[in-house]
Amino acid sequence: MFGWKKKQAEKAETASVEWKRLTAIEQLEALKQESHEKPVLIYKHSTRCGISGMTLSRLERSWTADMGHISAYYLDLIAYRDVSNAIVQEFGVFHESPQVILLKNGRAIYDNSHMGISAQAIKQQA
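Here is what the cut-offs are and how they apply
Residues numbered from 1 in each chain as written. Predicted model: local features only at pLDDT ≥ 70, side-chain atom pairs only at ≥ 80, totals over all residues. Heavy atoms only, no water. Salt bridge = Lys/Arg side-chain N within 4 Å of Asp/Glu carboxyl O. Helix = DSSP H or I, 4+ residues; strand = E, 2+ residues; numbered from the N terminus. Buried < 20%, exposed > 50% of the residue type's maximum accessible area, 1.4 Å probe, protein only. Polar contact = N/O pair within 3.5 Å; in protein donor to acceptor, adjacent residues only side chain to side chain. Pairing = 2+ DSSP bridges. Axes fitted to C-alpha atoms, helices over the stretch in contact; angles between N-to-C directions. Contact = heavy atoms within 4.5 Å.

Visitor: Any chance you could explain the pattern of salt bridges here in plain terms?
Guide: Pairing of side chains with opposite charge becomes possible as their charged atoms draw close. One pass over the structure, following the stated rule, counts 4 salt bridges. Where Lys 20 meets Glu 34, a salt bridge forms, and the shortest distance between an N and an O atom there is 3.6 Å. Here Glu 34 lies in helix 2 (residues 27-34) and Lys 20 lies in strand 1 (residues 19-21), a separation of 14 residues in the sequence. The class for Lys 20 is partly exposed, based on a relative accessible area of 33%. Each of the salt bridges in this network shares a partner with another, and the network as a whole consists of Glu 29, Lys 32 and Glu 90.

What follows is the structure in structure tokens.
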């Protein structure tokens, strides 16, 4: 496919991430339950970190329409550090920032951080 046609096709396949806010420890039980119905993604974002912002932007740009079945949650871990700490306890995933954690059937099945975060890897795991 020619370069400009390929870019047009890729643009048509992209979709925006429909972020839900994760702001309370009490939400974690609901996320676990939701993950029995569909994959749940948690994005742990540091608003003070340039890498975190860059990674978030890259993830959003590469999110595709066929990832619409993934329920995406955004955690501002500076404002809600207690929720971030509870995630460590609840799912046994060592804290990093930025970080993605994918839940299925009530447990963490995949996590990655920094430049390892990619929509493609999340899609493969979901």
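On we go.
Visitor: Just checking my understanding: could you explain the environment of Arg 58 for this structure?
Guide: When you line up the elements, Arg 58 lands in helix 3 (residues 50-62). Residues Arg 58 and Ala 119, 61 residues apart in the sequence, show an inter-C-alpha distance of 8.6 Å. Here Ile 117 takes part through its backbone oxygen, which lies 2.5 Å from a polar atom of the side chain of Arg 58.

Visitor: Would you mind showing me how to read the sheet that holds strand 4 (residues 99-104) here?
Guide: Taken in spatial order, the 5 strands of this open sheet run 1-3-2-4-5, and their pairing is mixed. Edge positions in the open sheet fall to strand 1 and strand 5 (107-113), since each of these has one partner strand only. The average undirected angle you get between the axes of adjacent strands in this sheet is 25 degrees. Relative to strand 3 (residues 71-76), strand 1 runs parallel, the two being bridged by 3 bridges. Residue Lys 20 lies in a different strand from strand 3, and its bridge partner there is Tyr 73. Lying on the sheet, helix 2 is in contact with strand 1, strand 2 (40-45), strand 3 and strand 4; it crosses strand 3 at an angle near 160 degrees. On the sheet, helix 3 packs against strand 1, strand 2, strand 3 and strand 4 and is oriented at approximately 150 degrees with respect to strand 2.

Treat this as a map of the structure, not an account of what it does.
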